[in-house]
Amino acid sequence: MAENLIFNSFTVAQRHGFLVLKVLLENMLNHFSFKTKHLKSVFFVACEEMPSSVWETNFCGCLLFVLGSLLSCLKARFLPNYFIPENNLIDCHSEYDVYTLCTIVEYIRLFPANVIQIVAEKYGYTYGSNLIKYVLSNVKYNIDKTTVLASFHDQVGPLTISTAKIWAKMGFYSTSLDLLEDRFEQSLLIPQTEMRQTSYSFRDFLVSALMEMKQKASRVLLARTFDMIMGSNVEDMILEKQDISLQMYLPWPIDPRLSWIKFPSADSSDLTTVARFLYEYSKREYWRQNKVLAELAITTAIQCIQETLKKDNLSDVRKKMLKKKLIVFYVHVYCVSTMNCKLRPLIYHMEDIENLCTEFPEMALAVSSMCRYTNQPEKSRKYSGMSRLGVSGRDSDLALESSP
C-alpha cells in the first residue's frame, strides 16, 4: 500500500525511469538474487534527493544518478530498506555475489548503450529485428537520406568513440582499438552523399579519434598498440617531443607503457623522488580503474625504494623511513590486486611483506588480510594473532600455541 502511494505520486518521467532501470537490471542480473525491492529502495531515496522536474530535463542523468547510488550501496555492502533503514537488504548476499553485482552495475552505468543493445539482442529475432522491420516499414519512401547519415554520425559515432575512451581509460587498449576498427568498418557501409577520399584509411580515422581523447596515456598507448600491429608511426604524431621522460631517471629499463611519461622533477639521482611520483601516478590510475598502469607504476615505485635501500651510505634512520614508505606502497599493491580479484601483483611481494612485518609488527593486521586474500589461512591467523597480542617473530608463535 505504501509503495503504491509513492508510485502514484511520481511523475510520468519518474515512472518511466523506474521501468527502464528495472528492465536493464533484471536482464543483466537475472542469475543473481537481485530483486525489485532492492531497486525500489534506492530509487525512492534518489527521488527524494532530486527534484521531480529534473527527470523532465535530464532523464539520462537521473538514470545514471540512480545507478551510481545503487553502486555506492553495493560497494559499502549496505543497501538500506527504504521503510526500515537499519535493515540491510543485501546482508544475506555473499561477498563474491556483491562484488559481481558491483561489476555488472558499474558496466551498466558506464556503457548504457551497449547494455540496451544486449537486452534487445537477448530476445532474438522476435524482438530486435521485428522492431527494426516495424520502424523501416513505417518510414516514408522519400525519406531524406542525408538525415539518416547525419543521425548515424551524430549518434552512433560519438557513442562508439566515447565507449572506446572508457575502455582505454581502464587499460583495455586492444579492446578499445578493436571497437574503433569496427566503427570505421561500419562507416564504410554507409552510402556517401559526397565523393569519399580514396586515401581515407583506418589510420586516419584512428588519429582523428585519438585527438578527441583528453587523457594522454590513452592516446599514447592506443597509438603504440596500433603501431606494434601495423608497423606505423602514429605514436610520433600523438606524442609531443620531450627531452625528459621517466626512463631517463632510472638506471634499468622499465616497461614501455611507463617509459614515455614526462617526469616533472629535475633531481635525476634521487630514486625516492621518482618512487613518490610513481606512487601518486598509480593512485590516480587506480581511481580511474586502470589496473594496467596502476600496477606498473606501483611495482616500479617499490623497485626504486628497494634499490635505494641497497646503498651503503644510508643511515639507520633513513633506512627506517624508507621501509615505512614501503608499507604504504605494499598496502596499495594489495588494493590494486583486488581491482579484478587477481593475486597479481600482491603474490609476488608477499615474501618481502612478511620480512618487513617482522621489523614493523604494527602492519600485522594488514598482512593478515593479504594472506587471507592470497589463500594462506594459516599465515592469516598467525598475523592476526600478532596484531591482537602486539608481539612478533618467535614470541608470537609461542603466544599463539599457548592460547586456547
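Per chain, residues are indexed from 1 in the order of the written sequence. The predicted origin of the model limits local features to residues at a pLDDT of at least 70 and limits the giving and counting of side-chain atom pairs to 80 or more, whereas totals for whole chains, interfaces and linings rest on all residues. Think of the side-chain values as coming from all heavy atoms in the structure, minus any hydrogens and water.

### As for the environment of Asp97
Tracing the chain through its elements places Asp97 in helix α6 (residues 95-110). Sequence separation between Asp97 and Phe34 is 63 residues; the distance between their C-alpha atoms is 9.9 Å. Strands are runs of DSSP state E lasting at least two residues, helices are runs of H or I lasting at least four, and both sets are numbered from the N terminus onward.

### A look at the layout of surface pockets
Of the volumes computed, that of the second largest pocket is approximately 1,400 Å³. Lining the second largest pocket are 41 residues, and of these Tyr99, Gln289, Thr338, Met339 and Asn340 sit closest to its centre. Looking at the lining of the second largest pocket, the elements with two or more residues in it are α5 (59-75), α6, α9 (145-169), α15 (271-287), α16 (291-309), α17 (316-337) and α19 (364-373). All residues other than Ala, Val, Leu, Ile, Met, Phe, Trp, Tyr, Cys, Pro, Asp, Glu, Lys and Arg, Gly among them, are scored as polar; the first ten of these are nonpolar and the last four charged. Its residues assigned to classes, the lining of the second largest pocket shows 21 nonpolar, 7 polar and 13 charged. Lining residues are those with an atom within 4 Å of a point, where the points come from a 1 Å grid over the protein atoms alone and group into cavities, where a 1.4 Å probe fits but cannot get out, or pockets, open sets with protein on both sides within 12 Å along at least five of seven lines. Grid points are joined across faces, edges and corners, and a volume is the space filled by probe spheres set on the points.

### Overview of the pattern of salt bridges
The rule for a salt bridge is simple: a side-chain nitrogen of Lys or Arg has to be within 4 Å of a carboxyl oxygen of Asp or Glu. Under the definition given, this model contains 11 salt bridges. Glu285 is the partner of Arg288 in a salt bridge, and the nearest nitrogen-oxygen pair spans 2.9 Å. Of the charged contacts, one joins Glu354 and Lys379 as a salt bridge, the two residues approaching to 3.1 Å between their closest N and O atoms. In this pair, Glu354 sits in helix α18 (residues 346-359) while Lys379 sits in helix α20 (residues 377-389), placing the two residues 25 residues apart along the sequence. The class for Lys379 is partly exposed, based on a relative accessible area of 34%. A 1.4 Å probe rolled over the protein chains alone gives each residue an accessible area, and that area as a share of the maximum for its type sets the label: buried under 20%, exposed over 50%, partly exposed in between.

### What to know about the packing of aromatic side chains
When the centres of two rings from Phe, Tyr and Trp lie within 6.5 Å, Trp using its six-membered ring, the rings pair. Their planes under 30 degrees apart give stacked, over 60 give edge-to-face, and anything left gives tilted. Tallied over the entire structure, the rule returns 23 aromatic pairs. An angle of 70° between the planes, with centres 5.5 Å apart, marks the rings of Phe7 and Phe44 as edge-to-face. Taken together, the positions of Phe7 in helix α1 (residues 2-9) and Phe44 in helix α3 (residues 36-49) put the pair 37 residues apart, joining distant regions of the chain. By relative accessible area, which is 3% here, Phe44 ends up buried. Between Phe18 and Phe43, the ring centres sit 5.3 Å apart and the planes meet at 70°, which makes this aromatic pair edge-to-face. Of this pair, Phe18 sits in helix α2 (residues 12-28) while Phe43 sits in helix α3, and the two are 25 residues apart along the sequence. You can call Phe18 buried: its relative accessible area is 5%. Through a chain of ring-to-ring contacts, three or more aromatic side chains come together here, namely Phe7, Phe10, Phe18, Phe43, Phe44, Trp55, Phe59, Tyr82 and Phe83.

### Quick word on unusual backbone geometry
Omega for the peptide link from Arg344 to Pro345 comes to 5°, which places this bond in the cis form. Along the chain, the position of Pro345 falls in the loop between α17 and α18. With a phi angle near 65°, Gln289 is a residue other than glycine that sits in the positive phi range. Mapped onto the fold, Gln289 is located in the loop between α15 and α16. Phi at Asn375 is positive, roughly 65°, even though this residue is not glycine. Looking at the secondary structure, you find Asn375 in the loop between α19 and α20.

### Let's talk about α2
Every α-helix carries 3.6 residues per turn, so stepping three or four residues along brings you back to the same face. Taking 1.5 Å per residue, 17 residues should reach 24 Å; α2 reaches 25 Å between its end C-alpha atoms and fits that length. All of the buried residues in α2 are Ala13, Gln14, Gly17, Phe18, Leu21, Leu24, Leu25, Asn27 and Met28. Expected helix span is taken as 1.5 Å per residue step, with the number of steps being one fewer than the number of residues.

Keep in mind these values describe shape, not function.
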